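Spelled out from the first residue to the last, the chains are:
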Amino acid sequence: MPRIIDKIRAVQYERSAATSDADVASDASNEAKNAMIQPGWHYSFEFFPPKTEAGLDNLLTRIDRMSRRLNPLFVSITWGANGSTLSRTLAIASHAQRFACVDVLLHLSCTGLTREQIVQILNMAKSSGVRNILALRGDPPPPKRAWKEGDVSGGECDRAIDLVKLIRSLHGDYFGIGVAGHPEGHPSSPKCDDGTTSLEMQHLKDKIDAGADFIITQFFYDVDIFLDYVKRCRKIGITCPVIPGIMPIQSFGSLLKMTSFCNISVPSSVVERLERVRHDDEAVKEIGCEIAAEMCRRILAERSSSALEYDCSVHGFHFYTLNLERSTTRILVSLGALDIDSPTSAAAAALHENNNDATIASETNEQDQTAARRERKESISEKARSTKRVLPWKPSAMENRSKEDVRPINWSNRPKSYVMRTDDWDEFPNGRWGDSTSPAFGELSDLSHFYSFTLGCDDDRRAMLGHCPLHESDVYEVFASYVEGTVPHIPWCETPLQPESFLIQPQLAKLNRCGLLTVNSQPPVDGAPSNHPTFGWGGKGGRVYQRGYFECFVSPDKTNRLTSMVTKHPSMIMYAVNNAGQELRVGVEEGGVTALTWGVFPNREILQPTIFDPDTFLVWAEEAFSLWSSMWLSLYDFGSESYELIETIKDTYYLVAIIDNDYYTNENFLLLDALLEVGGK
């Protein structure tokens, strides 16, 4: 995948061609404030490795969610002092790159590391798909508490510039390299006779000249200091992107502590606004978000000035999230970068919930674990930035999958499992699915991978799936509650309901309460514009199409009813299989691959990114039935009524997939109407 510097340049190019067609607008109260913000700016997030396994699981879930909902340009993963978090840092980076489908900036500090260790770490990063390194000297080795003037790392690379040079000598231009900048000067940097930091600026330029591509700054709260820093960079000849670091204020005490430790000045106007509510952490956070948004607006507006001697434009921000989500989301919503539903929606309501972000920051508190479960409700709309979608599903950030543009629909709600099961393929479908038996694609691995961080521990799963289900209707209610958003996940759906399903949410909930247990669906679309807020993908100027599709678990009796339904509608075909492998096909003359989603775009061949393949459906069915056992049945004592109920469903129900080829009469979703008629009988 592209290096971060390449993506930043692409954003800058898009901005130069952009007019007034911003993707989303902020709410009315922010529209006037954001009037000076032009489209074409980016943002990214920093995370650090937690100390416990529970914290790690929660963080991986959070990275997944924030990457999907907020669509950052990249995420950065920090490096513990003296490499103390090496294994966790690489594990998080690999997960984000492979499964969250977001590019990773891996922090790497040279403190205490030998050249051989650095070489090994770079090779491990490369094998994980990481193409971006933030080259740092790092924290001082113990027992030192702070660097002093002239100190070196104690490893075989004395300073960050030596690390930059080593990376370039070993890997050429493969890695994009970032370095740190300090608008108020690094505490250990030597000062000139006049007290300025011009020597530090020269050292920064030397790092850029040695091969670094961009600068990420220390956090700050005085915008004048940052803007002056950018001017000083330009004046000395540094022309690369300078990305300001933004740290949302979480509490008054933490603000004083961190700014004092890092020698960061805080304007008196900021202190005065916060002092009035210093004992109310929630109010401090709210005002802190307002302050951060105001800082971002001013920085973005600065690039509009033509009176500057140097081009001091800034195109994005790097948020120091502290592994928290809510404040960063609030700031982006305030800036108009994200869309939210009405104030009464679950998305907007979650922005005002009590402090759900405490889960990772305070990992051992039982109340925090409860907050984690609450927070799995929506925090922003899944509709955010839908028109930016390259494909209907999020492409992988792995280099070896860069040309992949076709996937079967069955894993739409379990993309991590699909990525894992195809991880060792030599090639990936490009342009068309082709013959699924081709040795070029390889076989879907027999291994099914279940992620504890997705559905949580056994107690979490019981809270979602039921402590003691006794009747089939209890199971039906779980599926219906997932559709309605009150249950965040079910084993077959590791993400919340897709935006297009919101359009038929009440009908889907009704179907599930009638025993049609939905695991996948999509409504028909006949030539919607490719920038449609819900169905759009692939860029501007195109038209997108999709066939109606419905996949569910149903009892044998309802399977027979569905067979009769499909028989009466020539446009429909049906595939069904049970846990014993007994297959049923209706309306299928020859079982070939069917394009379920396709798009027509200027100067491009027709794209068909989502397909249905009967052979692949059988592979998916094995995984789907196994999830009844591994993720639900295992919660209950052997022989209990709940155990017997889930086992009976697993062993007797069919997994049914129905395709409606009549996509051009989507004013009335024929398939949905027919299913409702079956469910009501």
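Quick notes on the rules
Residues numbered from 1 in each chain as written. Predicted model: local features only at pLDDT ≥ 70, side-chain atom pairs only at ≥ 80, totals over all residues. Heavy atoms only, no water. pLDDT = per-residue confidence, 0-100. Contact = heavy atoms within 4.5 Å. Pairing = 2+ DSSP bridges. Helix = DSSP H or I, 4+ residues; strand = E, 2+ residues; numbered from the N terminus. Axes fitted to C-alpha atoms, helices over the stretch in contact; angles between N-to-C directions. Phe/Tyr/Trp six-rings, centres within 6.5 Å; stacked < 30°, edge-to-face > 60°. Buried < 20%, exposed > 50% of the residue type's maximum accessible area, 1.4 Å probe, protein only.

(A) Up close: the confidence of the model for the protein. Averaged over all residues, the pLDDT of the protein equals 81, while 78% of them reach at least 70. Here residues 358-387 scores under 50 on pLDDT; set against residues more than four positions off or in separate chains, the count is 88 contacts.

(B) Quick peek at the sheet that holds strand β1 (residues 42-47). Ordered in space as β1-β2-β3-β4-β5-β6-β7-β8, the 8 strands form a closed barrel in which the pairing is parallel. Each neighbouring strand pair of the sheet contributes to a mean axis angle of 30 degrees, computed without reference to strand direction. The pairing of β1 with strand β8 (residues 316-320) spans 5 bridges and is classified as parallel. Within β8, the residue paired with Tyr43 across the bridge is Phe317. Contacts from helix α6 (residues 160-171) reach β3 (104-109), β4 (132-136) and β5 (176-181) within the one sheet, and its direction differs from that of β4 by about 150 degrees.

(C) Structural detail: the packing of aromatic side chains. Under the defined criterion, the tally for this structure stands at 27 aromatic pairs. Ring geometry for Trp41 against Phe317: centres 5.9 Å apart, planes inclined by 75 degrees, an arrangement best described as edge-to-face. Linking Trp41 in the loop between α2 (28-31) and β1 with Phe317 in strand β8, this pair joins segments that are 276 residues apart in sequence. Comparing Trp41 with Phe317 shows no difference in burial state: the two are buried. When the ring of Trp411 is compared with that of Tyr418, the centres are 5.6 Å apart and the planes differ by 45 degrees; the resulting orientation is tilted. With respect to class, Trp411 is no different from Tyr418; both count as buried. Among the aromatic residues, those joined into a cluster by ring pairs are Phe479, Trp492, Phe553, Phe625, Trp628 and Trp632.

(D) Structural context of the pairing of strand β16 (residues 594-600). Burial analysis of β16 places 6 of its 7 residues in the buried class, the great majority of the element. Here 4 bridges tie strand β12 (residues 543-546) to β16, and the two strands are oriented antiparallel to one another. Looking at the pairing, Val544 lines up with Gly599 of β16. In terms of strand pairing, β16 meets strand β17 (residues 607-612) through 4 bridges, oriented antiparallel. By the bridge assignment for β17, Thr597 is matched with Thr610. With antiparallel pairing between neighbouring strands as the criterion, β16 and β17 make up a hairpin whose turn holds 6 residues, including Asn603 at a positive phi of roughly 60 degrees.

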